[in-house]
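Residue strings, one per chain:
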Amino acid sequence: MTTLFDSAPGFDQPIAVLKHCHDRIRKQLATLDKLLTHLPVHGADQDARQAAQAVLKYFTQAAPLHHEDEEMDLLPALETTATQEDAALLKQLLPEIMKQHLQMTAQWSNLEKQLKQIQEGSSAQLSTLDIRHFSDMYLHHMELEETHIAPMAKRILSDAQMQRLGAAMQARRGIVPDAS
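The structure presented is a predicted model; accordingly, all values stated were derived computationally and were not measured.

**Student:** Looking at this model, I keep getting lost on the layout of surface pockets. Mind explaining?
**Tutor:** A water-sized probe, rolled over the atoms, reveals where empty space remains. The calculated volume of the largest pocket comes to roughly 190 Å³. Along the wall of the largest pocket there are 14 residues; nearest its centre are Ile15, Leu18, Lys19, Glu145 and Ala150. Those elements that provide at least two residues to the lining of the largest pocket are helix H1 (14-42), helix H2 (46-81) and helix H4 (128-156). If you tally residues by element for the lining of the largest pocket, the top one is H4, at 6 residues. Residues belonging to the lining of the largest pocket are distributed by class as follows: 8 nonpolar, 1 polar and 5 charged.

Next up, the structure:
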């Protein structure tokens, strides 16, 4: 049976859940790009307000949870497990990943203010420079994680570590595990 919607992977596949989050981030970044062309023509109309609301919701709720998944669970699990080349690569990448999380959060605060005004219909202004900077940071960051961190996790984390990671991610979202 096929469905009309792509279903999200279950928390029994935590790396797939993280990748699914990246796909959703890409969709939100595309919405920001669309807003840049929509606003000058249509202003803060209903479509613009709804788009701003969707982006606000994602980056104020889901994105911080995604960063916590990485910072509190995935990256520490990798640090305790990695050896040799993997350990050396992590030592190089972890400071950069953490720095990027902080930079993306700071850049988000600039965009959040603009998007709230659009959502309220009180402004139709959105900084192209802020959008480009935010998108570029996120795209680079996701590429880094998808090229190095996710493959490493799939390769070196045990089934038990993956289960703990998935359970922590699920708990962070307040999702009660299915008893079946």
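Let us keep going from here.
**Student:** I'm lost on the packing of aromatic side chains in this one. Help?
**Tutor:** Here a ring pair, both rings aromatic, is described through the centre-centre distance and the interplanar angle of the planes. On inspection of all chains with the given rule, the structure shows 6 aromatic pairs. Measuring from ring centre to ring centre gives 5.4 Å for Tyr58 and Phe59, while their planes differ by 85°; the resulting arrangement is edge-to-face. Residue Tyr58 is classed as buried on the basis of its relative accessible area, which comes to 5%. For the pair Trp108 and Phe134, a centre-to-centre distance of 5.8 Å together with 40° between the ring planes defines the contact as tilted. Here Trp108, found in helix H3 (residues 84-120), pairs with Phe134, found in helix H4; they are 26 residues apart in sequence, far enough to count as distant. Residue classification places Trp108 among the buried residues on the basis of a relative accessible area of 8%. Accessibility expressed as a relative area gives 0% for Phe134, which makes it buried. Here the aromatic cluster, defined as three or more aromatic residues joined through ring pairs, consists of Tyr58, Phe59, Trp108, Phe134 and Tyr138.

Rules used in this analysis
Residues numbered from 1 in each chain as written. Predicted model: local features only at pLDDT ≥ 70, side-chain atom pairs only at ≥ 80, totals over all residues. Heavy atoms only, no water. 1 Å grid on protein atoms, 1.4 Å probe; cavity = no way out; pocket = protein on both sides within 12 Å on 5 of 7 lines; lining within 4 Å. Points joined across faces, edges and corners; volume = space filled by probe spheres on them. Helix = DSSP H or I, 4+ residues; strand = E, 2+ residues; numbered from the N terminus. Nonpolar A, V, L, I, M, F, W, Y, C, P; charged D, E, K, R; others polar. Phe/Tyr/Trp six-rings, centres within 6.5 Å; stacked < 30°, edge-to-face > 60°. Buried < 20%, exposed > 50% of the residue type's maximum accessible area, 1.4 Å probe, protein only.

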